[in-house]
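These are the residues of each chain, in order.
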Amino acid sequence: NAGVTQTPKFQVLKTGQSMTLQCAQDMNHNSMYWYRQDPGMGLRLIYYSASEGTTDKGEVPNGYNVSRLNKREFSLRLESAAPSQTSVYFCASRRPGGQETQYFGPGTRLLVL
Amino acid sequence: AQKITQTQPGMFVQEKEAVTLDCTYDTSDQSYGLFWYKQPSSGEMIFLIYQGSYDEQNATEGRYSLNFQKARKSANLVISASQLGDSAMYFCAMREAFYTGANSKLTFGKGITLSVRP
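Residues numbered from 1 in each chain as written. Chains lettered and ligands numbered in written order. Predicted model: local features only at pLDDT ≥ 70, side-chain atom pairs only at ≥ 80, totals over all residues. Heavy atoms only, no water.

Caption draft 1: Quick peek at the overall build of chain B. In terms of helices and strands, chain B carries 0 helices and 12 strands. Ordered by position from the N terminus, the helices and strands of chain B form the series β-β-β-β-β-β-β-β-β-β-β-β. Its C-alpha radius of gyration of 14 Å places chain B within 12% of the 13 Å reference for a compact globule of 118 residues. Taking the principal axes of its C-alpha atoms as reference, chain B extends roughly 45 × 30 × 25 Å. The buried share of chain B, reckoned over its 118 residues, is 47%. (Helix = DSSP H or I, 4+ residues; strand = E, 2+ residues; numbered from the N terminus. Rg over C-alpha atoms; globule rule 2.2 N^0.38 Å. Buried < 20%, exposed > 50% of the residue type's maximum accessible area, 1.4 Å probe, protein only.)

Shown next, in the form of structure tokens:
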């Protein structure tokens, strides 16, 4: 049981390049999330998906797109990377009911030059 | 206004001593949930403890306990018998009533750095 996995772990991009961050979970959770973490800012929600086939914007969605490919996978795409998107990106999935705790992947460190 | 406030500067504690990490929150909801996560230097986010607004008892999980003072809107994390491995950044987060079920979302504080001295 791997929990939430993310690829890649590290990535360096040039301004204007595109890339997709991959996330998968094997806990059969319906809801999945993408966050970014910047120094001194905590975690901010980019997009989330309440269930397969649905996605919604979070606090900081500009410059990003997402795809909920199936129940397991939720990808984040940067179409034209900007230096302001240099950050650590976390994917999470949420256990339904009760506490509704979110469980996080290991993160992707992205540097945009 | 910030929903979650964590204003302590970097915290230091001697190994084997207890430490309290402060968190205050702002919501007009009666039903909400509060979470603490740990982020060690390796970077992963680890769920530690949860407190529901209607829970009558303070939450405990091993060496972690949550000092929940509803009237003061504070949810402080208490770590007893600190260990070197407790050195990390700690985040407080809240889920408000509207953001439950399919719409479930968390709001995070900016975090507190804890260093445990040998």
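From this point, things continue past the structure.
Caption draft 2: Seen up close, the nonpolar core. Residue and element names in this part refer to chain B. One finds Leu21, Trp36, Leu77, Tyr90 and Leu114 to be the most contacted residues of the largest nonpolar core, which totals 26 residues. Listed by contribution, the elements that provide at least two residues to this core are β2 (11–14), β3 (19–21), β5 (32–39), β6 (46–52), β8 (64–69), β9 (74–79), β10 (88–96) and β12 (112–117). No other element matches β10, which puts 4 residues into this core. If near-sequence neighbours (up to four positions away) are discounted, Leu21 is found in contact with Gln8, Met11, Trp36, Asn76, Leu77, Ile79, Tyr90, Ile112 and Leu114. (Core = buried A, V, L, I, M, F, W, Y, C linked by side-chain atoms within 4.5 Å. Contact = heavy atoms within 4.5 Å.)

Caption draft 3: Spotlight on the pairing of strand β9 (residues 87–94) of chain A. Residues and elements named next belong to chain A. Of all 8 residues in β9, 8 are buried; the element is thus mostly enclosed. Bridge analysis of strand β4 (residues 31–38) against β9 gives 7 bridges, and the strand direction is antiparallel. Bridge assignment links Tyr33 to a residue of β9, and that residue is Ala92. Here β9 pairs with strand β11 (residues 108–112) via 3 bridges, running antiparallel. Bridging from a neighbouring strand, Ser87 pairs with Leu110 of β11. Inspection of the sheet shows β9 paired to strand β10 (residues 102–104) by 3 bridges, in the antiparallel sense. Bridge pairing in β10 places Ala92 opposite Phe104. (Pairing = 2+ DSSP bridges.)

Caption draft 4: Expanded view of the layout of surface pockets. Roughly 210 Å³ of volume is contained in the second largest pocket. Surrounding the second largest pocket, 15 residues form its lining, Pro106(A), Gly107(A), Arg109(A), Ser42(B) and Gly43(B) being those nearest its centre. Those elements giving two or more residues to the lining of the second largest pocket turn out to be β9 and β11 of chain A. A class-by-class count of the residues in the lining of the second largest pocket yields 5 nonpolar, 7 polar and 3 charged. (1 Å grid on protein atoms, 1.4 Å probe; cavity = no way out; pocket = protein on both sides within 12 Å on 5 of 7 lines; lining within 4 Å. Points joined across faces, edges and corners; volume = space filled by probe spheres on them. Nonpolar A, V, L, I, M, F, W, Y, C, P; charged D, E, K, R; others polar.)

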